[in-house]
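# Structure assessment
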Amino acid sequence: MSGMTLSAASLYDRVQRVIPAIEWPVFSDDIDAILKLKRERNAVILAHNYQTPEIFHCVADIVGDSLALARKAMEVEADVIVLAGVHFMAETAKLLNPSKTVLIPDMRAGCSLADSITPQDIRLLRQRYPGVPVVTYVNTSAAVKAESDICCTSGNAKAVVESLGVPRVLMLPDEYLAQNIAKQTDVEIIAWKGHCEVHERFTPEDIREMRAAHPGVTVLAHPECPPEVVAEADFAGSTAAMSDYVGREKPASVVLVTECSMSDNVAVEHPDVEFIRPCNLCPHMKRITLGNIRSALERNEHAVTIDPTVAARARLAVERMLAV
Ligand code: SF4
């Protein structure tokens, strides 16, 4: 979305299925201000699939899962990147665009996976498993990426693990993603005990109850869910893969077993599909609002910085992933 000729009034049609008309005036003033600020500051907004629809559909220039955001961040020609997502995503954008200003509207937008592991943990693991490559999920700090051989996302984890041509890898920090990938490959995977606080809460009983309440519903689950949950689903994949699945297969009714805003954002594009919406909120993603995106652009806050030595090593791990 260019934002050049758009205004909040012209954008409402896009989100009317998911934002009631009575709520719209709360958003429209901030949307107009953000569209103007983006032009003035030559800024772009990158928004993750878990951002709310008024951000995702009305002010974002680039949307996607963390892999798509990482890739597209490299093609950005703006002076300023605002990352509507969590802190590790803003760090990844900064890694790939060191000369640009990268802003995150709320520094506290963290991630339970990123918080589950430290650089010191990885150094200890390397002592314990000498010579075993370390594959690190992008949901980690730059300092953790710097200790890794290569990064992966939920969309490319299997390809990354198999690209290394070794019998055994350490895959960190998401235990469930590691277990789900282990089922798809002959490479032995050693996992860490990190979990996504949103996806770990889904249970196999949740899925069975959804199927009983909505006969015929198609169930799509994120691979950060426990393997027993993934086993109950019709399909498991990254947020991008789920979105593609809905577009391709056009199920009559579907449930996306992931963060709440994902269904709202995908529903906007597929009016013929019924979305069943039991979901869990990510409190970190929800720290980003139109109000703090606006003040980020007004005040140039909060700029993401990374120690240059850490950045150089972390960038290598991300670039190796992008090359797979
Ligand atoms: S949804 Fe899970 S993995 Fe994503 S930011 Fe929130 S806690 Fe982290």
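Residues numbered from 1 in each chain as written. Predicted model: local features only at pLDDT ≥ 70, side-chain atom pairs only at ≥ 80, totals over all residues. Heavy atoms only, no water.

## Considerations on the overall build of the chain
This is how it is decided: Only DSSP runs of H or I with at least four residues qualify as helices, and only runs of E with at least two residues qualify as strands; both kinds are numbered from the N terminus onward. The quantity called the radius of gyration is restricted to C-alpha atoms. Its globule counterpart is 2.2 Å times the number of residues to the power 0.38. Burial here depends on accessible area, computed with a 1.4 Å probe over protein chains only, as a share of the maximum for the residue type. Under 20% is buried, over 50% is exposed, and the range in between is partly exposed.
Of the regular secondary structure elements, the chain holds 15 helices and twelve strands. A compact globule built from 324 residues should have a C-alpha radius of gyration of about 20 Å, and the chain, at 20 Å, falls within 12% of that. Along the first, second and third principal axes, the C-alpha atoms of the chain reach 60 × 55 × 30 Å. Counting across all 324 residues of the chain, residues that qualify as buried make up 58%.

## Quick word on the sheet that holds strand β2 (residues 62-64)
The test is simple: Any two strands with at least two DSSP-identified bridges between them are counted as paired. Axes here refer to lines fitted to C-alpha atoms; in helices the fit is confined to the stretch in contact. Angles between the N-to-C directions go from 0 to 180 degrees.
Ordered in space as β2-β1-β3-β4, the four strands form an open sheet in which the pairing is parallel. Of all strands in the sheet, those bounded by a partner on one side alone are β2 and β4 (101-103). The mean inter-strand angle of the sheet, taken between neighbouring strand axes irrespective of direction, is 20 degrees. Across three bridges, the pairing between strand β3 (residues 80-84) and β4 is parallel.

## Remarks on the pairing of strand β9 (residues 218-221)
Note the threshold: With its strands directed away from the observer, a crossover is right-handed exactly when the path from the first strand over the helix to the second travels clockwise.
With burial as the criterion, each face of β9 is covered, one bearing Thr218 and Leu220 and the other bearing Val219 and Ala221. By the bridge criterion, four bridges tie β9 to strand β11 (residues 253-257) in an arrangement that is parallel. Bridging across to β11, Ala221 finds its partner in Val257. Crossover β9 to strand β10 (residues 235-236) through helix α11 (residues 227-232) is right-handed.

## Considerations on the packing of helix α2 (residues 24-41) against helix α14 (residues 290-299)
Geometrically, a packed helix pair is captured by the angle between its two axes and the distance between the axes. Threshold: In these notes the angle categories are as follows: under 35 degrees is roughly parallel, over 145 is roughly antiparallel, 65 to 115 is roughly perpendicular, and the rest is oblique. By convention, the crossing between two helices is left-handed when the near helix turns anticlockwise from the far helix through less than a right angle, and right-handed when the turn is clockwise. Contacts: residue pairs with any heavy atoms within 4.5 Å of one another. Three residue categories are used. Nonpolar comprises Ala, Val, Leu, Ile, Met, Phe, Trp, Tyr, Cys and Pro, charged comprises Asp, Glu, Lys and Arg, and polar comprises the others, including Gly.
Look at α2 against α14: their axes get within 9 Å of each other, and the N-to-C directions meet at 30 degrees. Our classification of the angle between α2 and α14 gives roughly parallel. By crossing handedness, the relation of α2 to α14 is classed as left-handed. Of the residues in α14, those in contact with Phe27, Asp29, Asp30, Ile31, Ala33, Ile34, Leu37, Lys38 and Arg41 of α2 are Leu290, Gly291, Ile293, Arg294, Ala296, Leu297 and Glu298. For the contact of α2 with α14, a count of residues per class yields nine nonpolar, one polar and six charged.

## Remarks on the nonpolar core
To keep it simple, the criterion reads: Put simply, a nonpolar core is a bunch of buried Ala, Val, Leu, Ile, Met, Phe, Trp, Tyr and Cys residues held in one set by side-chain atoms that sit within 4.5 Å of each other.
Counting residues in each nonpolar core, the largest one holds 94 residues, and the members touching the most others are Trp24, Ile31, Leu46, Met171, Leu256, Ile293 and Met321. Once you skip the residues sitting within four places of it in the chain, Leu256 turns out to touch Leu220, Met242, Val246, Met262, Ser263, Val266, Phe275, Ile276 and Pro278. Val217, Ala221, Ala233 and Val257 belong to the second-largest nonpolar core, a separate cluster that totals 13 residues.

## Section: the pattern of salt bridges
Using the following cut-off: When a carboxyl oxygen of Asp or Glu lies within 4 Å of a side-chain nitrogen of Lys or Arg, that pair is called a salt bridge.
Applying the stated rule across the entire model yields 18 salt bridges. Residue Glu40 pairs with Lys36 through a salt bridge whose shortest N-O separation is 3.2 Å. Here Glu40 and its partner Lys36 are both found in helix α2, four residues apart, which amounts to about one turn of the helix. Among the salt bridges present, the one from Glu162 reaches Lys158, with a minimum N-O distance of 3.7 Å. Taken together, the residues span about one helical turn, with Glu162 and Lys158 both in helix α8 (residues 157-163) at a distance of four residues. Taken together, the salt bridges that share partners define one network made up of Asp29, Asp30, Arg294 and Glu298.

## Focus on the domain arrangement of the chain
Think of interface size as the accessible area that goes away when the parts come together; that is how it is often given. The cut-off we apply is this: Domains are outlined according to an automatic or database domain assignment. Note on definitions: buried area is the accessible-area loss of two parts on being combined, 1.4 Å probe, summed for both. In the analysis that follows, any N or O atom pair within 3.5 Å is treated as a polar contact, provided that within protein one partner can donate a hydrogen and the other can accept it, and provided that, for residues neighboring in sequence, both atoms belong to side chains.
Domains assigned within the chain are domain 1 (8-110 + 285-299), domain 2 (114-196) and domain 3 (199-276). Distance between the C-alpha centres of domain 1 and domain 2: 29 Å. The interface is formed by six residues belonging to domain 1 together with nine residues belonging to domain 2. Summed over the three residues of domain 1 that lose the most area to domain 2, namely Leu67, Phe88 and Glu91, the buried surface amounts to 62% of that side. On inspection of domain 1 and its partner domain 2, the count reaches zero salt bridges. Applying the counting criterion to the domain 1 and domain 2 interface returns one residue pair in polar contact (both at pLDDT 80 or more). Taken together, the elements giving at least two residues each to the side of domain 1 that touches domain 2 come down to α4 (66-73) and α5 (87-96). When residues of the side of domain 1 that touches domain 2 are assigned to their parent elements, the largest contribution, four residues, is made by α5. Considering only residue class, the side of domain 1 that touches domain 2 consists of three nonpolar, two polar and one charged.

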